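# Per-entry structural report
Each chain, letter by letter, is given below.
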Amino acid sequence: MTALAQPFLRRAALCAVLPCMLIACGKQDSGAASTAASSTTATSPAKIYVVGTDAAYAPFESQNEKGEIVGFDIDVVKAAAAKAGLEVKFVNTPWEGIFNALKQGDRDLLVSSITITDERKQSMDFSDPYFDAHQLIAVKADSKIARFEDLKSLKVGVQNGTTGDETITRLQGKNSQDIKRFESTPLALKELETGGIDAVVADNGVVVNYVKNNASNKFKTVNDPAFAPEHYGIAVKKGNAELLAKLNQGLAAIKADGTYDRIYATYLGTPEVAPSAPAPAASK
Ligand code: ARG
């Protein structure tokens, strides 16, 4: 009889304890939030907006030796948020689940060199564009590849679910066995290094940065006028107009007062070598 009653009792005890634990957790959370916000307001605890980012995309977002998330995107969001009076914290979020994390409310916003596309606009809202980009090919320095078309039947690495993936899928077809999809762009580039693939297609800024910082690999970049212009936006949950308006206000403010340009110079250098500079042919 006592043995029979025990599981029930245990469950009953758990039920009695759980709500308290939940309350305790809730208290702790808001406690942390109000401590962080105490420097600005003493009245209502400020919300800390959780920013998801796939921090494997230098120089836009990456982790430094200390494990801190740093980069162009990070500084842009920090600066824009400060102008709009928003408190933010960044959480490394693998690209694979990043849009779902936003949808589920685990992240309030995303900054991750995210290209604004019509398809993505169906399931999330984007800030005003804050950066121009396009695809770029990375190959070994002695490669004969000269244009995008040359990749038609070669092994090409991309980060799964990116616009680079979409671009090569359009060229090779969705059933192609030659498209190698990686969890991250650095993994694709590593595979190029070891010779497992012939090329990597990814955002220009990241490819340029990698080739520049890994000179010993002897890679080169190949551009193609066929690559469509892309624009990065900060993503928020569909319908979160209030947050979107604040982010846009912050972005406009940092563009107007020179903060954006300073961040740009820090991570992307001078316009001649900057990845987002327009094709040189147009200006000469
Ligand atoms: N711009 C590309 C896209 O939106 C690639 C972005 C990948 N970003 C990253 N942090 N891994 O699909």
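Structure: see above.
Residues numbered from 1 in each chain as written. Predicted model: local features only at pLDDT ≥ 70, side-chain atom pairs only at ≥ 80, totals over all residues. Heavy atoms only, no water.

## Focus: the site of the ligand
The criterion, for reference: Nearness here has a simple test: a residue counts as near a molecule or strand if at least one of its heavy atoms is within 4 Å of that partner. The definition of a polar contact used here is a pair of N or O atoms within 3.5 Å, where within protein one atom must be able to donate a hydrogen and the other to accept one, and adjacent residues in sequence count solely through side-chain atom pairs. For the area figures, the Shrake-Rupley method with a 1.4 Å probe applies, and any residue is considered shielded solely by the protein chains shown. Side-chain classes follow a simple rule in which Ala, Val, Leu, Ile, Met, Phe, Trp, Tyr, Cys and Pro form the nonpolar group, Asp, Glu, Lys and Arg form the charged group, and the remainder, Gly included, forms the polar group.
The environment of the ligand is made up of 14 residues, and the closest members are Asp-54, Ser-112, Ser-113, Arg-120 and Asp-203. Between the ligand and the protein, one listed contact pairs an oxygen atom with a backbone N or O atom of Thr-163 at 2.8 Å. Here Asp-203 contributes a side-chain N or O atom positioned 2.6 Å from a nitrogen atom of the ligand. Coverage of the ligand by the protein chains reaches 100% of its 350 Å² of free accessible surface. The residue makeup of the shell around the ligand, split by class, is 4 nonpolar, 6 polar and 4 charged.

## As for unusual backbone geometry
Basically, it comes down to this: Think of it this way: any DSSP run of H or I at least four residues long counts as a helix, any run of E at least two long counts as a strand, and we number them from the N terminus.
Residue Pro-59 is reached from Ala-58 by a cis peptide bond, and omega for that bond is 5 degrees. Considering the arrangement of structural elements, one finds Pro-59 in the loop between strand S2 (56-57) and strand S3 (61-63). Backbone geometry places Ser-113, a non-glycine residue, at a positive phi of 55 degrees. When you line up the elements, Ser-113 lands in the loop between strand S6 (109-110) and helix H4 (118-121). Its identity as a non-glycine residue notwithstanding, Lys-218 has a phi of 50 degrees, on the positive side.

## Thoughts on the sheet that holds strand S11 (residues 179-182)
In plain terms, the rule: Strands are treated as partners if at least two bridges between them are detected by DSSP. Note on method: axes are straight lines fitted to C-alpha atoms, helices fitted across the in-contact stretch only, with angles between N-to-C directions ranging 0 to 180 degrees.
Taken together, 5 strands build an open sheet; the order of strands is S11-S10-S12-S9-S13 and the sheet is mixed. Where the open sheet ends on each side, the last strands, each with one partner, are S11 and strand S13 (219-222). Each adjacent strand pair in this sheet contributes to an overall mean axis angle of 30 degrees, direction not counted. Strand direction decides the pairing type here: strand S10 (residues 156-159) and S11, joined by 4 bridges, are parallel. In the strand pairing of S11, Gly-157 is matched with Lys-180.

## Looking at the packing of helix H2 (residues 72-83) against helix H8 (residues 241-256)
Test applied: For classification purposes, an angle smaller than 35 degrees is called roughly parallel, one larger than 145 roughly antiparallel, one from 65 to 115 roughly perpendicular, and anything else oblique. The contact criterion used throughout is that any non-hydrogen atoms of two residues lie within 4.5 Å.
At a minimum axis separation of 7 Å, H2 and H8 run at an interaxial angle of 105 degrees. Taken together, the axis directions place H2 and H8 in an arrangement best described as roughly perpendicular. For the pair H2 and H8, the contacting residues are Val-76, Ala-79, Ala-80 and Lys-83 in the first and Leu-247, Gln-249, Gly-250, Leu-251, Ala-253 and Ile-254 in the second. The class makeup of the residues in the contact of H2 with H8 is 7 nonpolar, 2 polar and 1 charged.

## Observations regarding the packing of aromatic side chains
To keep it simple, the criterion reads: Here the aromatic set is Phe, Tyr and Trp, taking the six-membered ring for Trp, and pairing holds for ring centres within 6.5 Å; pairs whose planes are under 30 degrees apart are stacked, those over 60 apart are edge-to-face, and all others are tilted. Remark: exposure states derive from per-residue accessible area (1.4 Å probe, protein chains only) relative to the maximum for the residue type, with buried under 20%, exposed over 50%, and partly exposed in between.
Evaluation of the coordinates by the stated rule reveals 14 aromatic pairs. Their ring planes at 70 degrees and their centres at 5.3 Å tell us that Trp-95 and Phe-99 sit as a pair that is edge-to-face. Taken together, the residues Trp-95 and Phe-99, both in helix H3 (residues 95-103) and 4 residues apart, mark about one turn of the helix. Its relative accessible area of 8% is what places Trp-95 among the buried residues. Members of the aromatic cluster, joined through ring pairs, are Phe-60, Phe-72, Tyr-130, Phe-131, Tyr-232, Tyr-260 and Tyr-264.

## Here's the deal with the environment of Asp-128
Mapped onto the elements of the fold, Asp-128 is located in the loop between strand S7 (124-126) and strand S8 (131-133). Asp-128 sits in the partly exposed class, given a relative accessible area of 42%. For the pair Asp-128 and Ile-234, spaced 106 residues apart in sequence, the C-alpha separation works out to 7.7 Å.

## Digging into helix H6 (residues 185-193)
To keep things clear, this is the line we draw: What the arc covers is the set of directions going from the helix axis to the C-beta atoms.
Three or more residues of H6 are buried, namely Thr-185, Ala-188, Leu-189 and Leu-192. Viewed along the axis of H6, the buried residues span an arc of 95 degrees, placing them on a single side of the element. Regarding H6, its N-cap is Ser-184, as a side-chain oxygen of that residue lies 3.2 Å from the backbone nitrogen of Leu-187 further along.

## Regarding the packing of H2 against helix H9 (residues 259-268)
When two helices pack together, their arrangement is given by the angle between the helix axes and by the axis-to-axis distance. Put simply, the test is: Helix crossings are classified by the rotation of the near helix relative to the far one: an anticlockwise turn of less than a right angle makes the crossing left-handed, while a clockwise turn makes it right-handed.
The N-to-C vectors of H2 and H9 enclose an angle of 165 degrees; their axes lie 9 Å apart at closest approach. What the angle tells us is that H2 and H9 run roughly antiparallel. Judged by the sense of rotation from one axis to the other, the crossing of H2 with H9 is right-handed. When H2 is examined against H9, the residues Phe-72, Asp-75, Val-76 and Ala-79 are found in contact with a partner set consisting of Thr-259, Tyr-260, Ile-263, Tyr-264, Tyr-267 and Leu-268. Tallied by class, the residues present in the contact of H2 with H9 amount to 8 nonpolar, 1 polar and 1 charged.

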